[in-house]
Amino acid sequence: MDFEFFRQTCQHFLRTSSQFLGLAAAACQPALPLPALPASQPQGQQPA
């Protein structure tokens, strides 16, 4: 794989991911806090 193409793909992914996370965080601000996640879910999926 071409390294330049890989680098551009990574940058595009990071931009879209950061935009999505920013929108999700903004949408969750006025909402009530989410209940605690069940212990059966992996710890990595809990918000930081």
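Keep in mind that this is a model prediction, so the values were computed, not measured.

A.B. asks: I keep staring at the overall build of the chain and nothing clicks. Help me out?
C.D. replies: When helices and strands are tallied, the chain shows 1 helix and 0 strands. The burial tally for the chain puts 0% of its 48 residues in the buried class. Carbon and sulfur atoms form 69% of the exposed surface of the chain, whose accessible area is close to 4700 Å².

A.B. asks: Sorry if this is basic, but what is going on with the pattern of salt bridges here?
C.D. replies: Close approach of charged atoms lets side chains of opposite charge pair. For the coordinates displayed, the defined rule picks out 1 salt bridge. In this structure, the salt-bridge partner of Arg-7 is Glu-4, at a minimum N-O distance of 2.4 Å. Remark: Glu-4 and Arg-7 occur in helix α1 (residues 3–28); sequence separation between them is 3 residues, near one turn of the helix. Assessed through its relative accessible area of 32%, Glu-4 is described here as partly exposed.

A.B. asks: What is the right way to look at the environment of Arg-7 in this model?
C.D. replies: For Arg-7, a relative accessible area of 32% puts it in the partly exposed group. Of note is the side chain of Arg-7, whose polar atom sits 2.4 Å from the side chain of Glu-4.

What counts as what
Residues numbered from 1 in each chain as written. Predicted model: local features only at pLDDT ≥ 70, side-chain atom pairs only at ≥ 80, totals over all residues. Heavy atoms only, no water. Helix = DSSP H or I, 4+ residues; strand = E, 2+ residues; numbered from the N terminus. Buried < 20%, exposed > 50% of the residue type's maximum accessible area, 1.4 Å probe, protein only. Areas by Shrake-Rupley, 256 points an atom, 1.4 Å probe, with all protein chains shown as cover. Salt bridge = Lys/Arg side-chain N within 4 Å of Asp/Glu carboxyl O. Polar contact = N/O pair within 3.5 Å; in protein donor to acceptor, adjacent residues only side chain to side chain.

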